[in-house]
Amino acid sequence: QARRLEGIDKNIWVEFVKLAATYSKVNLGQGFPDFPAPDFLTEAFSRALSGGNHMLHQYTRAFGHPPLVKVLAQLFEKLLGRDLDPMTNVMVTVGAYQALFCCFQALVDEGDEVIIIEPFFDCYEPMVKMAGGTPVYVPLRPNPPKDGRLMSSADWQLDPAELASKFSERTKAIVLNSPNNPLGKVFSRGELGLIAELCVKHDVLCISDEVYEWLVYDGKQNIRIASLQGMWDRTVIIGSAGKTFSATGWKVGWAVGPDRLLQHLRTVHQNSVYHCATIAQEAVAQGFQRELTLYGKPESYFVQLPKELQQKRDWLVQSLDSVGMKPIIPEGTYFLVADISQFKSDVPDVPNSDEPYDSRFAKWMVKNKGLAAIPLSAFYSEAHKNNYTNFIRFCFAKVEDRKVDWRRWKQERK
Ligand code: PMP
Ligand code: GLN
């Protein structure tokens, strides 16, 4: 085994997807929608598959099928207010995962430090390590509201002085994930401004994972850090058609950024994956063309999907609240974190186990209630896992959450 794989062999998704498959009746664990992708997208795929253009079954351009990079460039020109070259400012990858992997391999050297904001999407840590870098963690700290209202993801904040203290000579990059998985936090302009200022001051890159860019609620705005002063030139934006069009199995993702950075991502990509499935890229390109034409209109999927998800969010908030799990209302994403500290007496203690309570709770819940969720400690580094063991994450991009008998559960708890 290569040394760079030491300590990264466990994977929360592999573990919990298996548990959910074995025990769950209702799976609110792994983040994917259980409702169908939109018709315009699946129809585009069928057309690409059997519409007569046999070349769509062959290789396409390594760094992105031309129709897809072109439409992505058009869209991001609009979003960022700057001209983009589809051939050098956009690269298509096998899901956002591969875009992230390319970033770390291309930009992080042995000994470089990469700042990661906790809680974080778990793969950042092993990916930084595989590149030879050292992750440096800074937490979002919960500030519970004093007026008795439910907590919001906006109540989890960075301490500005603590954040500043993590930047040093050795810092190569910071990973930003807004809207954030798992909390659903959408970083405010002020918070992004602070991060941007520190990046510019210390000449640090920003890997901006924006896979949930369209999933924001209550009329909130998703602000792109690349559009702030001094940031375009040092930011790689990462996106996912899986999240954007509710088709996670297609594994189409992208990186958008300045050529000076993307050229190195291309080097990693051409020597590892080469390109992502042509047909999927063609269909996603057509999906984006539709969305560009309908941009901002009520028929747009980017308008409709968050509207539907917001209702599901509100339903889950109510349901969880009714059984005594305190939900943290997410401003974005399709995840919701809830406080399970009131359930300690329901879950049997495991003697001599150093497994955190949230993980034991999630396993108990899937086995006894048939309901799958993910322990929040999975989104923390080893050193900080034990500070956050009273929460679990639910995915609410589901039709099936209505099948949980919350009323019965509530009665049983009395
Ligand atoms: N980043 C975040 C924050 C995610 O939640 C996910 C999970 N889908 C990814 C990246 C990976 O996306 P993809 O499925 O497109 O590889
Ligand atoms: N992004 C999804 C989640 O957070 C799925 C991740 C995965 O399957 N690796 O649940």
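Rules of the game
- Residues numbered from 1 in each chain as written.
- Chains lettered and ligands numbered in written order.
- Predicted model: local features only at pLDDT ≥ 70, side-chain atom pairs only at ≥ 80, totals over all residues.
- Domains from an automatic or database assignment.
- Contact = placed C-beta atoms within 7 Å.
- Helix = DSSP H or I, 4+ residues; strand = E, 2+ residues; numbered from the N terminus.
- Near = placed C-beta within 6 Å.
- Nonpolar A, V, L, I, M, F, W, Y, C, P; charged D, E, K, R; others polar.
- Pairing = 2+ DSSP bridges.
- Axes fitted to C-alpha atoms, helices over the stretch in contact; angles between N-to-C directions.
- Parallel < 35°, antiparallel > 145°, perpendicular 65-115°, else oblique.
- Left-handed = near helix turned anticlockwise from the far one by under 90°.
- UniProt positions renumbered as here; feature names shortened; annotations may be inferred.
- Buried ≥ 20, exposed ≤ 12 C-beta atoms within 10 Å, placed from the backbone.
- Core = buried A, V, L, I, M, F, W, Y, C linked by C-beta atoms within 7 Å.

## Brief notes about the domain arrangement of the chain
By a frequent convention, interface size equals the accessible area lost on bringing the separate parts together. Per the domain assignment, the segments of the chain are domain 1 (3-37 + 300-413) and domain 2 (39-293). Just the C-alpha atoms count here: the centres of domain 1 and domain 2 sit 24 Å apart. Taken together, the 35 residues of domain 1 in the interface contact 39 residues of domain 2. Taken together, the elements giving at least two residues each to the side of domain 1 that touches domain 2 come down to helix 11 (301-323), strand 11 (326-328) and strand 12 (335-339).

## Comments concerning the site of ligand 1
What surrounds ligand 1 is a group of 15 residues, the closest being Gly95, Ala96, Tyr97, Phe121 and Ser240. When contributions to the shell around ligand 1 are tallied by element, the ones reaching two or more residues are helix 4 (95-107) and helix 8 (241-244). The biggest single contributor to the shell around ligand 1 is helix 4, with 3 residues. Split into classes, the residues belonging to the shell around ligand 1 amount to 4 nonpolar, 8 polar and 3 charged.

## Here's the deal with the sheet that holds strand 10 (residues 252-256)
Read across the sheet, 7 strands follow the order 2-10-9-8-7-3-4 without closing on themselves; strand pairing throughout is mixed. Every other strand in the sheet has two partners, leaving strand 2 (90-94) and strand 4 (134-139) as the edge strands with one partner each. The sheet shows a mean angle of 25 degrees between the axes of neighbouring strands, taken without regard to direction. One ladder, built from 5 bridges, connects strand 7 (residues 171-177) with strand 8 (residues 205-209); its direction is parallel. Paired with Ala173 across the two strands is Leu205, which belongs to strand 8.

## Comments concerning the packing of helix 3 (residues 66-80) against helix 10 (residues 278-293)
Between helix 3 and helix 10, the shortest axis-to-axis distance is 8 Å and the interhelical angle comes to 30 degrees. Considering the angle they form, helix 3 stands roughly parallel to helix 10. Handedness of the helix 3/helix 10 crossing: left-handed. Of helix 10, the residues touching helix 3 (which contributes Pro67, Leu68, Val71, Leu72, Gln74 and Leu75) are Gln281, Glu282, Val284, Ala285, Phe288, Gln289 and Leu292. By residue class, the composition of the contact of helix 3 with helix 10 is 9 nonpolar, 3 polar and 1 charged.

## Regarding the UniProt feature "domain: Aminotransferase class I/classII large" (unreviewed entry) in the chain
As annotated by UniProt and renumbered to match this structure, "domain: Aminotransferase class I/classII large" (unreviewed entry) occupies residues 25-405. Secondary structure content for residues 25-405 is 36% helix and 17% strand, and the end C-alpha separation is 11 Å.

## Re unusual backbone geometry
Leaving glycine out, the prevailing phi sign among residues is negative, and the prevailing peptide bond configuration is trans. Following Glu118, the chain continues to Pro119 via a peptide bond in cis, the omega torsion being -5 degrees. Locating Pro119 in the fold gives a position in the loop between strand 3 (113-118) and helix 5 (124-130). A cis geometry characterises the amide bond from Asn181 onward to Pro182, with omega recorded as 20 degrees. Counting through the fold element by element, Pro182 comes out in the loop between strand 7 and helix 7 (189-202). Positioned with a positive phi, Ser246 is a non-glycine residue whose angle comes to about 55 degrees. Relative to the assigned elements, Ser246 resides in the loop between helix 8 and strand 10. A count of 21 C-beta atoms within 10 Å places Ser246 in the buried class. The phi angle at Lys251 is positive, at roughly 55 degrees, despite the residue not being glycine.

## Remarks on the packing of helix 11 against helix 13 (residues 406-413)
Between helix 11 and helix 13, the least distance of the axes is 8 Å, while the angle of their chain directions is 20 degrees. Regarding the angle of helix 11 to helix 13, the classification is roughly parallel. Seen along the crossing, helix 11 lies across helix 13 with a hand that is right-handed. In this structure, helix 11 contributes Ser319, Ser322 and Val323 to the contact, and helix 13 contributes Trp406, Trp409, Lys410 and Arg413. Split by residue class, the contact of helix 11 with helix 13 holds 3 nonpolar, 2 polar and 2 charged.

## Thoughts on the nonpolar core
Core analysis: the largest hydrophobic core is formed by 117 residues, its most contacted members being Leu72, Cys103, Ala255, Ala338, Ile392 and Phe394. With 8 residues, the single largest contributor to this core is helix 4. Both domains that furnish three or more residues to this core are identified here as domain 1 (3-37 + 300-413) and domain 2 (39-293). Ignoring any residue separated from it by four or fewer positions in sequence, one finds Ala338 in contact with Leu320, Met325, Lys326, Pro327, Ile328, Phe391, Ile392 and Phe394.

## Section: the pairing of strand 15 (residues 391-395)
Across the 5 residues of strand 15, 5 count as buried, placing the element largely inside the fold. Here strand 15 shows a buried face lined by Phe391, Arg393 and Cys395 and a second buried face lined by Ile392 and Phe394. Where strand 12 meets strand 15, 5 bridges bridge the pair, whose relative direction is antiparallel. The partner of Asp339 across the bridge, within strand 15, is Phe391.

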